[in-house]
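Descriptive analysis of the structure
Read off the chains here:
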Amino acid sequence: MSNVAKVLKAEIARISKREAKSATQGIGKSTTWLRKTVADLKRRVLLIEKENKRLVGTVKKYQEESPEKPDEDTKKARLTSKGIRSLRNKLGLSQAGFAKLVGVTTHAVFLWENKEGALSLRDKTRQALLSIRRLGAREAKLKLAETETKSKRMRASSSKTKRVSRA
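What counts, and where the lines are drawn
- Residues numbered from 1 in each chain as written.
- Predicted model: local features only at pLDDT ≥ 70, side-chain atom pairs only at ≥ 80, totals over all residues.
- Heavy atoms only, no water.
- Helix = DSSP H or I, 4+ residues; strand = E, 2+ residues; numbered from the N terminus.
- Buried < 20%, exposed > 50% of the residue type's maximum accessible area, 1.4 Å probe, protein only.
- Contact = heavy atoms within 4.5 Å.
- Areas by Shrake-Rupley, 256 points an atom, 1.4 Å probe, with all protein chains shown as cover.
- Phe/Tyr/Trp six-rings, centres within 6.5 Å; stacked < 30°, edge-to-face > 60°.
- Lys NZ or Arg CZ within 6 Å of the ring centre and 35° of its normal.
- Core = buried A, V, L, I, M, F, W, Y, C linked by side-chain atoms within 4.5 Å.
- Salt bridge = Lys/Arg side-chain N within 4 Å of Asp/Glu carboxyl O.
- pLDDT = per-residue confidence, 0-100.
- Axes fitted to C-alpha atoms, helices over the stretch in contact; angles between N-to-C directions.
- Parallel < 35°, antiparallel > 145°, perpendicular 65-115°, else oblique.
- Nonpolar A, V, L, I, M, F, W, Y, C, P; charged D, E, K, R; others polar.
- Arc of directions from axis to C-beta.

Comments concerning the overall build of the chain
Along the backbone of the chain there are 7 helices and 0 strands. The 167 residues of the chain split such that 18% are buried. For the chain, restricting intrachain contacts to residue pairs at least 6 apart in sequence, the fraction spanning at least 24 positions comes to 69%. Carbon and sulfur atoms form 58% of the exposed surface of the chain, whose accessible area is close to 13,800 Å².

Okay, here's the thing in structure tokens:
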């Protein structure tokens, strides 16, 4: 009789294990899927936070460089193509060098020099031009060399971050 009881007990245990396993199998799959999703989301949030931190630093840098409100002298100053051409010649710069110094493209300088009448420029560009007016040829060339080294450093640092982010 004890042998029948053992067999019956073993059979009941086997059936109950099978039922419990089939009942929890769907939960296991969804749990695995959720864990993978959470890990992926954590990676994405980390990348977004890094990018946000970089962008905040960039915005702060540009806010520090540019003054908030343009001066009255800036608004009143009349810039013409002849004035731009003579300023560039006074500084002894090419159109490309002058463009880098102002922070615009070479084509913009070309268009300024060939346009007739007063130039309508953005406040930031107008302020850059007016600040360059006060410089001499040596100072302008030094400032140009300084901006070129900054841009080289920026390119080098951005290429390093691109290599790191690919890995």
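Description of the packing of aromatic side chains
Going through the model one piece at a time under the given rule, you end up with 0 aromatic pairs. Sitting above the plane of the Y62 ring, K61 keeps its charged end 5.4 Å from the centroid.

Points about helix α4 (residues 95-102)
Within the sequence span of α4, burial applies to G97, F98, A99, L101 and V102. Positive phi shows up at G103, right after α4, with a value of about 95 degrees.

Regarding the nonpolar core
Grouped together as the largest cluster of nonpolar side chains are 22 residues, with contacts concentrated most on L91, L93, F98, V102, W112, L129 and I132. Listing elements by their share of this core, those giving two or more residues are α3 (81-91), α4, α5 (106-114), α6 (123-133) and α7 (137-166). If near-sequence neighbours (up to four positions away) are discounted, W112 is found in contact with S81, I84, F98, V102, V104, L119, L121, T125 and L129.

Focus: the pattern of salt bridges
Taken as a whole and judged by the stated rule, the model has 5 salt bridges. Among the salt bridges present, the one from E11 reaches R14, with a minimum N-O distance of 2.5 Å. With E11 and R14 both in helix α1 (residues 2-65), this residue pair falls 3 residues apart, about one helical turn. R14 sits in the partly exposed class, given a relative accessible area of 44%. Close ionic contact of E148 with K100 constitutes a salt bridge, the shortest N to O distance being 3.6 Å. Residue E148 is found in helix α7, and its partner K100 is found in helix α4; the two are separated by 48 residues along the sequence.

Quick word on the confidence of the model for the chain
Chain-level pLDDT for the chain is 84 on average; 87% of the residues reach the 70-or-more range. Highest mean pLDDT in the chain belongs to α5 (91); lowest belongs to helix α2 (residues 72-76) (63).

What about the packing of α4 against α6?
One can describe the packing of α4 onto α6 by two numbers: an axis separation of 9 Å at closest approach and a directional angle of 115 degrees. By the angle class used here, α4 and α6 are roughly perpendicular. Contact with α4, carried on its side by F98, L101 and V102, involves T125, A128, L129 and I132 of α6 and no other residues of that element. In the contact of α4 with α6, the residues fall into 6 nonpolar, 1 polar and no charged.

Points about α5
All of the buried residues in α5 are A108, V109, W112 and E113. Axial view of α5: buried residues confined to an arc of 135 degrees, hence all on one face. Tucked inside the fold, the buried residues of α5 contact α3, α4 and α6.

Observations regarding the side chain of R88
With respect to the secondary-structure elements, R88 resides in helix α3. What makes R88 buried here is its relative accessible area of 13%. Aside from chain neighbours lying at most four places away, what touches R88 is L93, S94, Q95, F98, V109 and E113.

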